[in-house]
Amino acid sequence: MSSQPHIVLPWVVHRTRLPLLSWRCVDCPSESATTGAGRFRVNANGKLLDVWLLVRCVRCDRTSKLTVYERTPVSSFDPVELHGYHVNDSRLVASTLLDPALARRNRFALDWTDAWRLDAPPTPLDEAWPVRVEVAFRDPVPVRPDRLVARGLGLSRPEVQRRVKCDVPMRRSRIAGFTFTLMSVR
Ligand SMILES: [Zn+2]
């Protein structure tokens, strides 16, 4: 008898929009901010540049500036990147916001609620057990494997614990791919 899975299914985690920021507003009780469409501000001071990413409170619209670069020599910027800051390039907005260094420097966390999607083909439930699933991350959306697997398979978390063998710790959020094997019910 072989224990090799007969079926391998690909799952993909995608970002569907930019996440919000957990960010305490100084003017109102809100703790949530958004980049909206995404806007940078670039300020030149001699040969030094400051670059900020602007975010606004979701409740009162107060704008705050997140430091991207501080007093940085113009000559050290890639011209394409610098142009991107000037024209509010949406891909540059996304990569800037999702860079963990920005969150550390500006003391916020990303709120991924409803900002991502799992694409999972239907799991054939009555044949060819066990099933192996390979989970890939198209974007760095932090998810707990146990919650993702429960959602993707429509199982309760106790069922996931009983029936799923995973190659990584299931209760620790991650943004890197992993695989798991779903065992049949016995
Ligand atoms: Zn506010």
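Residues numbered from 1 in each chain as written. Predicted model: local features only at pLDDT ≥ 70, side-chain atom pairs only at ≥ 80, totals over all residues.

> Help me understand helix 4 (residues 145-153) in this model?
If you check which residues of helix 4 are buried, you get Pro 145, Leu 148, Val 149, Gly 152 and Leu 153. Viewed end-on, helix 4 has its buried residues packed into an arc of 110°, placing them on one side of the element. The inward-facing, buried residues of helix 4 contact strand 1 (7-15), strand 7 (116-119), strand 8 (131-137), helix 5 (157-163), strand 9 (164-166) and strand 10 (178-182). Gly 154 lies just past helix 4 and shows a positive phi near 65°. (Buried ≥ 20, exposed ≤ 12 C-beta atoms within 10 Å, placed from the backbone. Helix = DSSP H or I, 4+ residues; strand = E, 2+ residues; numbered from the N terminus. Arc of directions from axis to C-beta. Contact = placed C-beta atoms within 7 Å.)

> Please clarify how the nonpolar core should be interpreted in this entry.
As a rule of thumb, soluble globular proteins bury nonpolar side chains together. Formed by 18 residues in total, the largest nonpolar core has its most connected members in Leu 21, Ala 33, Val 51, Trp 52, Leu 53 and Val 55. Looking at this core, the elements with two or more residues in it are strand 2 (20-22), strand 3 (32-45), strand 4 (48-57), strand 5 (63-73) and helix 2 (90-98). Examining the composition of this core, we find that six residues originate from one element, strand 4, more than from any other. Leave out the neighbours within four places in its chain, and Ala 33 touches Leu 20, Leu 21, Trp 23, Val 55, Arg 56, Cys 57, Val 58 and Ser 64. Membership of the second largest hydrophobic core comes to 13 residues, among which are Trp 11, Val 131, Val 133 and Val 164. (Core = buried A, V, L, I, M, F, W, Y, C linked by C-beta atoms within 7 Å.)

> What should I look at first to understand the pairing of strand 5 in this one?
The side chains of a regular strand alternate, first on one face of the sheet and then on the other. The pairing of strand 4 with strand 5 spans eight bridges and is antiparallel. Residue pairing for strand 5: Leu 49 is matched across the bridge by Thr 72. From the end of strand 4 to the start of strand 5, which pair antiparallel, there are five residues, and Asp 61 there has a positive phi angle of about 70°. (Pairing = 2+ DSSP bridges.)

> Before we go on, may I ask you to explain helix 2 in this structure?
Side chains three or four residues apart in an α-helix point the same way, a direct result of the helix having 3.6 residues per turn. Along helix 2, the positions that sit buried rather than exposed are Val 93, Thr 96 and Leu 97. Each buried residue of helix 2 lies within a common arc of 95° when the element is viewed along its axis, so the set occupies one face. Lining the buried residues of helix 2 we find strand 3, strand 4, strand 5 and helix 3 (100-106).

> Would you take a moment to explain the environment of His 14 for this structure?
Following the sequence through the fold, His 14 ends up in strand 1. Spatially, the C-alpha atoms of His 14 and Val 164 are 23 Å apart, while their sequence positions differ by 150 residues.

> Would you explain unusual backbone geometry in this entry?
Trans is the prevailing form of peptide bonds, just as negative phi is the prevailing case for residues other than glycine. Of note in the backbone geometry, Arg 107 takes a positive phi value of approximately 55° without being a glycine. Assignment of secondary structure puts Arg 107 in the loop between helix 3 and strand 6 (109-111). At Asp 114, a residue that is not glycine, the phi angle is positive and equals roughly 60°. A tally of 10 C-beta atoms within 10 Å means that Asp 114 is categorised as exposed.

> How should I be thinking about the domain arrangement of the protein chain in this particular structure?
Think of interface size as the accessible area that goes away when the parts come together; that is how it is often given. When cut into domains, the protein chain gives domain 1 (7-15 + 115-182) and domain 2 (20-111). Distance from the C-alpha centre of domain 1 to the C-alpha centre of domain 2: 33 Å. (Domains from an automatic or database assignment.)

> What is the right way to read the sheet that holds strand 10 from this model?
Neighbouring strands of a sheet are bound in pairs by backbone hydrogen bonds; such pairs are parallel or else antiparallel. In spatial order, the strands read 7-1-8-10-9; together these five strands make up an open sheet with mixed pairing. With partners counted over all chains shown, the strands left at the sheet margins are strand 7 and strand 9, one partner each. The mean angle between the axes of side-by-side strands here comes to 20°, regardless of whether they run parallel or antiparallel. In terms of strand pairing, strand 8 meets strand 10 through five bridges, oriented antiparallel. Residue pairing in the sheet places Arg 132 in a bridge with Thr 181 of strand 10. (Axes fitted to C-alpha atoms, helices over the stretch in contact; angles between N-to-C directions.)

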